[in-house]
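Architecture and fold: a report
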Amino acid sequence: MLSKVNLLKELPPDLDQSRLPRHVAVIMDGNGRWAKNRGKARIFGHQKGVDVLKDLLRCCQDWGISALTAYAFSTENWGRPQPEVEFLMTLFERVLRKELDEMVAKDVCIRFIGDLTNLPHSLQEEIKRGMEATKENKGVKFNIATNYGGRQEIIQACVAIASNVEKGLIKVEEIDEKLFENHLYTTGIISPDLLIRTSGEMRISNFLLWQMAYTEIYVTSTLWPDFNREKFHQALLNYQQRDRRFGKV
Ligand code: IPE
Ligand code: IPE
Ligand code: MG
């Protein structure tokens, strides 16, 4: 078992280093079902899911993938039972506090994307501290989508742009893809090359709607708490077989 883990410390030899995705996005789905299958409460799945995400981040460092974006909480997830929502908010805060030193040491640059203003105050403080402490870091760009919705992100960009037009700061003719992107939460982050969704659901659930225009999508039936380096390896092998045409021939 240990040797297998060690083996995957380095990039598996059947992967082409020069054709790795630069940015991987993940919809970490299936925590609740994983827990239910074990006769446990859904929160056990969320708890286990954190360890999986931590190892995926380390794996990106080990294998030379420069950006990872994880969907942690959608704008629709507020509709879950309140105890589950509260557990998740507390979990995010606890994990961030516990892991920050290591992320600083490993040169990870953290960014939270989403409407952060509706998060609990103490979580907002922790997020601010985390982003501030790692903003100059040059290692993996680790983006955590929290209270994130693709539609909400697009609307807030439109509002900001319209308000700048109203104030006379920009002209309507100046609105183009570049300007629009500069008003998204992901400004400065390249679009994901690969999206991985676990738990078999073939949908994007309001994640990165603008950014995923040409992202390759990989769906695995593995539930998120069972995802690991070997499954990531499989996803990357599959990705490297794709012919990315971007509308050309
Ligand atoms: C994903 O797992 C985690 C979050 C949405 C926070 P789920 O909680 O959606 O697990 P399932 O889909 O119900 O199994
Ligand atoms: C998507 O999973 C959101 C996150 C992983 C944070 P959901 O479980 O909320 O998505 P649906 O409801 O199956 O579309
Ligand atoms: Mg789900």
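Here, every reference points to the structure presented above.
Everything in this summary refers to the structure shown in the same document. (Residues numbered from 1 in each chain as written. Chains lettered and ligands numbered in written order. Predicted model: local features only at pLDDT ≥ 70, side-chain atom pairs only at ≥ 80, totals over all residues. Heavy atoms only, no water.)

1. Points about the site of ligand 2
What counts, and what does not: Nearness here has a simple test: a residue counts as near a molecule or strand if at least one of its heavy atoms is within 4 Å of that partner. Polar contact criterion, stated in full: a pair of N or O atoms within 3.5 Å, where within protein one must be able to donate a hydrogen and the other to accept it, and residues adjacent in sequence count only if both atoms are side-chain atoms. All accessible-area figures derive from a Shrake-Rupley calculation using a 1.4 Å probe, and residue coverage is judged against the displayed protein chains alone. Labels follow the DSSP assignment, with helices taken as runs of H or I lasting at least four residues and strands as runs of E lasting at least two, numbered in each case from the N terminus.
Lining the immediate surroundings of ligand 2 are Ile27, Met28, Asp29, Tyr71, Ala72, Phe73, Asn77, Arg80, Arg197, Arg203 and Ser205. Within the contact set of ligand 2, an oxygen atom lies 3.2 Å away from a side-chain nitrogen or oxygen of Asp29. Arg80 has a polar side-chain atom sitting 3.2 Å from an oxygen atom of ligand 2. When the free accessible area of ligand 2 is taken as 390 Å², the share hidden by the protein chains comes to 78%. The biggest single contributor to the shell around ligand 2 is strand 2 (residues 67–74), with three residues.

2. Some thoughts on the side chain of His23
For clarity, the threshold we go by: Note on exposure labels: buried denotes an accessible area under 20% of the residue type's maximum, exposed denotes more than 50%, and partly exposed covers the range between, all computed with a 1.4 Å probe on protein chains only. Pairs of residues are marked as contacts when any of their non-hydrogen atoms sit within 4.5 Å.
In this fold, His23 is placed in strand 1 (residues 23–27). For His23, a relative accessible area of 3% corresponds to the buried category. Here the side chain of His23 touches Thr69 through a polar contact of 2.7 Å, side chain to side chain. Here the side chain of His23 touches Ile190 through a polar contact of 2.7 Å, landing on its backbone oxygen. For His23, the residues in contact, after removing those within four places along its chain, are Ala67, Leu68, Thr69, Asn143, Ile189, Ile190, Ser191, Pro192, Asp193 and Leu194.

3. Some thoughts on the packing of helix 4 (residues 82–105) against helix 5 (residues 121–134)
Where we set the bar: Each axis is a line fitted through C-alpha atoms, and for a helix only the stretch in contact is used; angles between axes span 0 to 180 degrees, taken between their N-to-C directions. Small angles under 35 degrees read as roughly parallel and large ones over 145 as roughly antiparallel, with 65 to 115 read as roughly perpendicular and the rest as oblique. The hand of a helix crossing depends on one turn: near helix anticlockwise from the far one by less than a right angle means left-handed, and clockwise means right-handed. Polarity classes work like this: nonpolar for Ala, Val, Leu, Ile, Met, Phe, Trp, Tyr, Cys and Pro, charged for Asp, Glu, Lys and Arg, and polar for all others, with Gly in that last group.
Where helix 4 meets helix 5, the closest approach of the two axes is 10 Å, and the angle between their N-to-C directions is 20°. Between helix 4 and helix 5, the angle falls in the class roughly parallel. At the point where helix 4 passes helix 5, the crossing takes the left-handed sense. In this structure, helix 4 contributes Met89, Phe92, Glu93, Leu96, Arg97, Leu100 and Val104 to the contact, and helix 5 contributes Ser122, Leu123, Glu126, Ile127, Arg129, Gly130, Ala133 and Thr134. Across the contact of helix 4 with helix 5, the residue classes tally to eight nonpolar, three polar and four charged.

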